[in-house]
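# Observations on the model geometry
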Amino acid sequence: MNPERLYILFCPRRLIFSKFEKSLPWCLWSSNVFCHTVHEDDLQLHEQRGPSINQVTKRPKKERPPCPSVLDHFDKQYSQELGNLWTSARAVLLDPPSWQYGVMLNRFSAVTDITQILQSQGFSSLLPQRDVSKLPPNAPSASSNSKYKTGINSLLLPHVRSRCPPDDATCETISQDLQSEPLLNLPLPSLQCYIHPYALQFPSQAHRPGQLKQYYLLNAASLLPVLALQVSDREKVLDLCSAPGGKAIAMMQCANPALLCCNEPDPHRRDWLSRTLESFLPHSLSTRVVVTAKDGRSFGEHEAGTYDKVLVDAPCSNDRSWLYSSSSQQGEQRIKERSRLPVLQAQLLKSALSAVRPGGVVVYSTCTLSRSENYAVVETVLNDCPEAEPENLWEEIAIPLSKYFTFSPASPDHGQTLCKTSLQLQNSTVSSYQHRLGILAVPQPGKTWGPMFLSRIRRKK
């Protein structure tokens, strides 16, 4: 296999384009957990890149046989958990050419030309945008940070690596050093993501040292946990399972935190994370965006009560990827490993609750439909942690974004009701308790975003 080949990686919760050497380690937390996979069919399906960003095209149809054992397992589990909603979700998952992808713009780079191209191609903004005409004349410009001359002091990657604390140091020490620093003269925060009603292929941008990328390609549902986290200026934020870095980049579009700690224990995935940060963030942020390599399960013990916000984008059984396991043997192995994931996920969530300060919030997310990895994990942690209190995201996230996403009730009894129209969300009879445990975005025809589960938990004061 050509090591210089463009790999389009389908990883849990995100789509990211990158170049990788011959092989990748797909085990994030232990040798027993198979997460974050890439498949040759995915590479062939999406490998064609137009000669310019002006030539946005529909992705070619390609038959991709699913793994029979995984599909059978999904059918048995999800028909019970999702009811009739699984039938339409199943059809989407079995038709990769129908999958939609969003284009998240990078506020640290000049994006006017990209915005114009997207709009001319029929893309529209997922979120309300700031009225630029009303900004003060001296507002920072995104173009001022778009490019940097190459040189030893101009590349972000060495700076990011140099900011990795030693084993006996903590991010708390770094964050204390930053409290007296004024906010940098940065472009105004603005999370901009453009989506298209059809499955169009928007070309990727190659990594170029010293030059920032203008946009990040992703499953738009992966922005939901970031929206739920509500990062604000001057806050200390922890991204506990950060690689490959898409949500960290999204958080930096939303605000100017005093500290964003991106944790990733696996060395290969940590390099991937650093490269992502290098491609999207100016080197002036290297003192505020740091990379650590701690075991996420024990992170909270070492930095208890340090952070205002924590994101736990947990390793999970990625439905989109696992459905296309390369062999029956791999599929069967994954099914066996699936039962072990909730234990790991609960450990990570408990660690996050220890790392967040009293009054702070933790957002837990996965890219699977599996109830045992979603609602059940949250419920288990809530039972074990009396200081944790869940918050209802239904009215805050599900109802306002029902135009773009299909959110499933927490009980299969209501699956058929939701299939009729997402506008009936406000009349859903799902209990308030189930809503507080979390919300689940389910892929549907025309709204192929997801799967994405998210839950927000506040640590009581």
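In what follows, the structure referred to is the one given above.
An account of the accompanying structure is given in this report. (Residues numbered from 1 in each chain as written. Predicted model: local features only at pLDDT ≥ 70, side-chain atom pairs only at ≥ 80, totals over all residues. Heavy atoms only, no water.)

Counted according to the given criterion, the structure contains zero disulfides. With no disulfide of its own, Cys262 lies 6.8 Å from the sulfur of Cys261, the closest cysteine sulfur. (Disulfide = S-S within 2.5 Å.)

So, about the packing of aromatic side chains. Going through the model one piece at a time under the given rule, you end up with 11 aromatic pairs. Ring centres 6.0 Å apart and planes at 50° place the aromatic pair Phe405 and Phe407 in the tilted group. Take Phe405 and Phe407: they sit in the same class, and that class is buried. Chaining the aromatic ring pairs together yields one cluster made of Phe74, Tyr78 and Trp86. The ring centre of Trp99 lies 4.5 Å from the NZ or CZ of Arg320, which sits over that ring. (Phe/Tyr/Trp six-rings, centres within 6.5 Å; stacked < 30°, edge-to-face > 60°. Buried < 20%, exposed > 50% of the residue type's maximum accessible area, 1.4 Å probe, protein only. Lys NZ or Arg CZ within 6 Å of the ring centre and 35° of its normal.)

For a regular strand, side chains alternate in direction, first toward one face of the sheet and then toward the other. With five of five residues buried, strand β10 (residues 259-263) is to be regarded as a mostly interior element. Summarising the sheet, strand β9 (residues 236-239) and β10 pair through four bridges and their orientation is parallel. When the bridges of β10 are listed, Lys236 appears paired with Leu259. Read from β9 through helix α8 (residues 246-254) to β10, the crossover connection turns out right-handed. Across four bridges, β10 lies against strand β11 (residues 289-292) in parallel orientation. Following the sheet pairing, Asn263 is matched in β11 by Thr292. Following the chain from β10 across helix α9 (residues 267-280) to the adjacent parallel β11, one finds a crossover that is right-handed. (Helix = DSSP H or I, 4+ residues; strand = E, 2+ residues; numbered from the N terminus. Pairing = 2+ DSSP bridges. Right-handed = clockwise from strand over helix to strand, strands pointing away.)

Turning next to the packing of helix α13 (residues 341-355) against helix α14 (residues 375-384). At their nearest, the axes of α13 and α14 sit 9 Å apart, and the two run at 50° to each other. With respect to their mutual orientation, α13 and α14 come out oblique. Here α13 runs over α14; the crossing is right-handed. For the pair formed by α13 and α14, the contact residues are Pro342, Gln345, Ala346, Leu349, Lys350 and Leu353 on the first element and Val377, Val378, Val381 and Asp384 on the second. (Axes fitted to C-alpha atoms, helices over the stretch in contact; angles between N-to-C directions. Parallel < 35°, antiparallel > 145°, perpendicular 65-115°, else oblique. Left-handed = near helix turned anticlockwise from the far one by under 90°. Contact = heavy atoms within 4.5 Å.)

Any functional reading would require information beyond the geometric quantities listed.
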